[in-house]
Amino acid sequence: IWGYRAKDEPLCWYQFEYERGKSPDHPHRELTAANFQGHLQVDGAAGLSEVGVKGQVIVLGCHSHARRYAFKAVADGDQRAEVYLAGFNQIFKIDRICRRFRFDQDRKHEWRLRYSLPLFDLLVAMAEGEIAEVPPKTRLWDCLHYLIAQQEPLRRCITTPGAELTNNAVERTLRPLKSGQRYGKMAVMESH
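Since this is a predicted model, take the numbers as computed values, not measurements.

A. Broad picture of the pattern of salt bridges. Within this structure, the stated rule accounts for six salt bridges. Note that Asp95 and Arg112 form a salt bridge whose closest N and O atoms lie 2.6 Å from each other. On the criterion of sequence distance, the pair formed by Asp95 in helix 3 (residues 82-100) and Arg112 in helix 4 (residues 105-130) is long-range, its members being 17 residues apart. Judged on exposure class, the residue Asp95 and its partner Arg112 are both buried. Its salt-bridge partner being Glu110, residue Arg114 comes within 3.3 Å of it at the nearest N-O pair. Of this pair, Arg114 and Glu110 both sit in helix 4, separated by four residues, roughly a single helical turn. Owing to a relative accessible area of 40%, Glu110 belongs among the partly exposed residues under this scheme. What emerges from the salt-bridge pattern is a single network uniting Asp95, Lys108 and Arg112.

Structure below.
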């Protein structure tokens, strides 16, 4: 199930089409057919950074997915991951402060560049320096690998004015559909 949502729009468009696996072929076809031009926020799944008409789509990452890898490594007992989790928590805290004090887009962008970007770049530098010493396929390795591999789309979330840090809005709208799938049912959402 592929969900598409325009920024600042409460409604989501779902494309129901059976596919074996999570190939990016479907969103590539849809965005190409729509001649989509703009920002596309994705979770870092393989191939999603190449969808749509080349040069027209700018991919943004998802800091919630990056944070989740750090959270899982900490939950697994790896104390080295705590600094990454704390760093992502701080990046989210900066955005919460901006919302709490109702910063306009320009001021929020200024705060992100001043506070979030240096912190993010520090996390990436630490990950690049540490990954060679971490056993592959551990939770910490997954965290560092995701951060390094997704650094450009993740950085764009911070440096692009008006961008969200996450794709959580679409993830939340898909959750009832995916939950229903677990039990062999399809949930149908209607607007009234």
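B. Structural view of the environment of Thr166. As for its position among the elements, Thr166 is in the loop between helix 6 (151-159) and helix 7 (168-182). The class for Thr166 is buried, based on a relative accessible area of 15%. In this structure Thr166 touches Gln41, Cys62, His63, Ser64 and Phe92, once residues within four positions along its chain are discounted. Within the structure, Thr166 has its side chain in polar contact with the backbone nitrogen of Asn168 (distance 3.2 Å).

Conventions and cut-offs
- Residues numbered from 1 in each chain as written.
- Predicted model: local features only at pLDDT ≥ 70, side-chain atom pairs only at ≥ 80, totals over all residues.
- Heavy atoms only, no water.
- Salt bridge = Lys/Arg side-chain N within 4 Å of Asp/Glu carboxyl O.
- Helix = DSSP H or I, 4+ residues; strand = E, 2+ residues; numbered from the N terminus.
- Buried < 20%, exposed > 50% of the residue type's maximum accessible area, 1.4 Å probe, protein only.
- Contact = heavy atoms within 4.5 Å.
- Polar contact = N/O pair within 3.5 Å; in protein donor to acceptor, adjacent residues only side chain to side chain.

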